[in-house]
Amino acid sequence: MTEPLSSESLKDFLSTIRAGEVRTGRVISVEDREALVELDGFSGPAKALGRIPRGDLTRKAIGHPSEAVIIGQRLTFEVIAVDWQQERVLASASACEDPALRAFLLGLRRGTAHQGQVQSVHNFGVFVNLDGEPDDQCTGFIRGPELSWRRIDHPADAVTAGQRVVGEIIDVDTRRGQVQLSLKALQEDPLVPFADQAGIVTTGQVTKLIPFGAFVRIADGVEGLVHNTEFRDEPVEHPGQIVSEGDEITVRIVEVDLVRRRLTLSARDRVRNGKRST
């Protein structure tokens, strides 16, 4: 007969723990991928344990957890979750590593606007020094898709280093010390004015060819797809048979899907200044 994994008192103790709160404890084990801590505040027959993965021990680059903590060391950490299967707490010491930074992050609210200055621009996104953040920190980050409603080839097409920006806070990560921002959340969605325009004929520029169709820009920040089947009645193997990038063509708006932000277009018998198959 096997012994129960834990006592009822341990289960009761774990039920009082909430994600996001700060706890303290003592390191009792340092392994290859994590450190284990014994949580303060529990006096039952078993131990209340917390697991801190290597990536949550510190924001500094380390190769092994022993580079960040030692057995017997006392730690302050944020609760990420309670693992009821293992009856342990999943925790992050990096979230509490810098008290000033943590206080700044906890003072921010999702959905509110915040200003900052672009520190650097990369192909994967933009780092921003946020107003009010502690010195020597750079907490703001904007992913490429959150820079603009327009399709851009590189974040540098939307912002430059040193530029002042205002973005909406979409996420605050105390573990990574990062604030996710969106510039386009504070911009009017250019697709909205076309919501009731199905059936309207307009002109646009071919911006990109893909195997099954062509993207056409009908307004700044508004691009729709002309599927190969919407060029003519006869089969089209590739849109390059009909149009080239840069061509100005006439299209009809077939459908506007605001939820998925999709614009469906048709160019049947309306190609102008572009190629035509014979």
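The structure we're discussing is the one just above.
Residues numbered from 1 in each chain as written. Predicted model: local features only at pLDDT ≥ 70, side-chain atom pairs only at ≥ 80, totals over all residues. Heavy atoms only, no water.

**Q** In this structure, what is going on with the sheet that holds strand β14 (residues 248-257)? I would like to understand it.
**A** By way of backbone hydrogen bonds, the strands of a sheet pair with one another, either parallel or antiparallel. As summarised here, the arrangement of the five strands in space is β11-β12-β13-β15-β14, forming a closed barrel in which the pairing is mixed. In this sheet, neighbouring strand axes are inclined to one another by 50 degrees on average, regardless of whether the strands run parallel or antiparallel. The sheet contact formed by strand β12 (residues 213-219) and strand β13 (residues 222-227) spans six bridges and is antiparallel. Across the sheet, residue Phe 215 finds its bridge partner in β13, namely Leu 225. (Pairing = 2+ DSSP bridges. Helix = DSSP H or I, 4+ residues; strand = E, 2+ residues; numbered from the N terminus. Axes fitted to C-alpha atoms, helices over the stretch in contact; angles between N-to-C directions.)

**Q** Just checking my understanding: could you explain the environment of Gln 163 for this structure?
**A** Tracing the chain through its elements places Gln 163 in the loop between β8 (140-143) and β9 (164-173). Judged by its relative accessible area of 30%, Gln 163 is partly exposed. Distance from Gln 163 to Cys 96, taken between C-alpha atoms, is 31 Å for residues 67 residues apart in sequence. If near-sequence neighbours (up to four positions away) are discounted, Gln 163 is found in contact with Gly 116, Gln 117, Val 118 and Ala 158. (Buried < 20%, exposed > 50% of the residue type's maximum accessible area, 1.4 Å probe, protein only. Contact = heavy atoms within 4.5 Å.)

**Q** Is there a simple way to think about the environment of Asp 220 in this case?
**A** Tracing the chain through its elements places Asp 220 in the loop between β12 and β13. With 70 residues separating them along the chain, Asp 220 and Arg 150 place their C-alpha atoms 6.8 Å apart. With residues up to four places along the chain from it excluded, the contact list for Asp 220 reads Arg 150 and Pro 190.

**Q** Would you explain helix α2 (residues 99-106) in this entry?
**A** Two residues of an α-helix separated by three or four positions point the same way, owing to the 3.6 residues in each turn. Those residues of α2 that fall on the buried side of the exposure criterion are Leu 101, Arg 102, Phe 104 and Leu 105. When α2 is viewed along its axis, its buried side chains cluster within an angular range of 160 degrees and face the same direction. Across from the buried face of α2, at angles greater than 90 degrees, the exposed residues are Pro 99 and Ala 103. Here the buried face of α2 lies against β1 (22-30), β4 (74-83), β6 (113-122), β7 (125-130), β9 and β10 (178-182). The residue sitting at the N-terminus of α2 and contributing the capping side-chain oxygen is Asp 98; that oxygen lies 3.1 Å from the backbone nitrogen of Ala 100. (Arc of directions from axis to C-beta. Polar contact = N/O pair within 3.5 Å; in protein donor to acceptor, adjacent residues only side chain to side chain.)

**Q** In this structure, what is going on with the nonpolar core? I would like to understand it.
**A** Generally speaking, a soluble globular protein has its nonpolar side chains buried in company with each other. Formed by 20 residues in total, the largest nonpolar core has its most connected members in Ile 17, Leu 39, Ile 52 and Phe 77. Residue assignment for this core shows that the elements contributing at least two residues are α1 (8-14), β2 (34-39), β4 and β5 (88-92). Considering every element that reaches this core, the biggest residue donor is β4, with four residues. In contact with Leu 39, not counting residues within four places along its chain, are Phe 13, Ile 17, Thr 24, Gly 25, Ala 48, Leu 49, Gly 50, Phe 77 and Val 89. Grouped together as the second largest cluster of nonpolar side chains are 19 residues, Leu 191, Val 226, Ile 242 and Leu 263 included. (Core = buried A, V, L, I, M, F, W, Y, C linked by side-chain atoms within 4.5 Å.)

**Q** Whenever I open this one, the environment of Leu 10 confuses me. Can you help?
**A** Relative to the elements of secondary structure, Leu 10 occurs in helix α1. Judged by relative accessible area, which is 3%, Leu 10 ranks as buried. Spatially, the C-alpha atoms of Leu 10 and Lys 47 are 7.7 Å apart, while their sequence positions differ by 37 residues. Excluding its chain neighbours within four sequence positions, the residues that come into contact with Leu 10 are Phe 42, Ala 46, Lys 47, Ala 48 and Glu 87.

**Q** It is not clear to me how the sheet that holds β5 should be interpreted in this structure. Could you clarify?
**A** Around the barrel, five strands lie side by side as β1-β2-β3-β5-β4; this closed barrel has mixed pairing. Adjacent strand axes in the sheet meet at a mean angle of 50 degrees when their direction is disregarded. Summarising the sheet, β1 and β4 pair through five bridges and their orientation is antiparallel. Each residue of the ladder has a partner; that of Arg 26, found in β4, is Arg 74.

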